[in-house]
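Topology and contacts: notes
Listed below, chain by chain, are the residues.
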Amino acid sequence: MRRIVVTGMGAVTPLAADVEASWSRLLAGRSGIRRLPDDVVADLPAKIGGVVPSLEDDPDAGFDPDAVLAAKDQRKVDRFIIFGLAAAQEALAQAGWAPVSEADRLRTATIIASGIGGFPA
């Protein structure tokens, strides 16, 4: 059997757009759950949910999609894809891993999970 080693983590959550701030805020008892805008949930019975904070909402740990993907490319994918890319970049940076050879690339994996996918979907 081959061993698998987790060497880095990444997260984009309703608490913050990185692992360290999300974990710190979680331990402090903070919540990312709030009332959602009426235009988003008008026809839905649930009116609360977790929303990833933007840089405007949270200058310290908000999410900046422009740091992950060019604006032109952002329009081509659902927002949760950008979150996944950001978390993968953070995990690779945390691991200090930047594979350049083909052998190193073949030994690298990123696991990305989403509960439902994008809200519009």
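None of these values were measured; they are calculated from a predicted model. (Residues numbered from 1 in each chain as written. Predicted model: local features only at pLDDT ≥ 70, side-chain atom pairs only at ≥ 80, totals over all residues. Heavy atoms only, no water.)

**Digging into the overall build of the protein**
The test is simple: We count a stretch as a helix when DSSP gives it H or I for four or more residues in a row; a strand needs E for two or more, and each element gets its number in order from the N terminus. The buried label goes to any residue with under 20% of its type's maximum accessible area, the exposed label to any with over 50%, and the partly exposed label to all in between, with areas taken from a 1.4 Å probe on protein chains only.
Along the backbone of the protein there are five helices and two strands. Secondary structure elements in the protein, listed N-terminal to C-terminal, are α-β-α-β-α-α-α. C-alpha atoms of the protein, sized along the principal axes, occupy 50 × 35 × 30 Å. Relative to its 121 residues, the protein shows a buried fraction of 28%.

**Points about the nonpolar core**
Put simply, the rule reads: Nonpolar cores are built from buried Ala, Val, Leu, Ile, Met, Phe, Trp, Tyr and Cys residues. Side-chain atoms within 4.5 Å join them into one set. What makes two residues a contact is simply this: any of their non-hydrogen atoms within 4.5 Å.
Judged by nonpolar contacts, Val 12, Ala 17, Val 52, Phe 63, Val 68, Leu 69, Ile 82, Phe 83 and Ala 86 together constitute the single largest core of nine residues. If we ignore the near neighbours within four places in the chain, the residues touching Val 12 are Ala 17, Val 52, Phe 63, Phe 83, Ala 86 and Ala 87.

**Re the environment of Pro 14**
Structurally, Pro 14 can be placed in the segment before helix H1 (19-27). Pro 14 gets classed as partly exposed once you look at its relative accessible area, which sits at 33%. In the structure, Pro 14 is positioned 23 residues away from Pro 37 in sequence and 15 Å away in space, judged by C-alpha atoms. In contact with Pro 14, not counting residues within four places along its chain, are Gly 32, Gly 50, Val 51, Val 52 and Pro 53.

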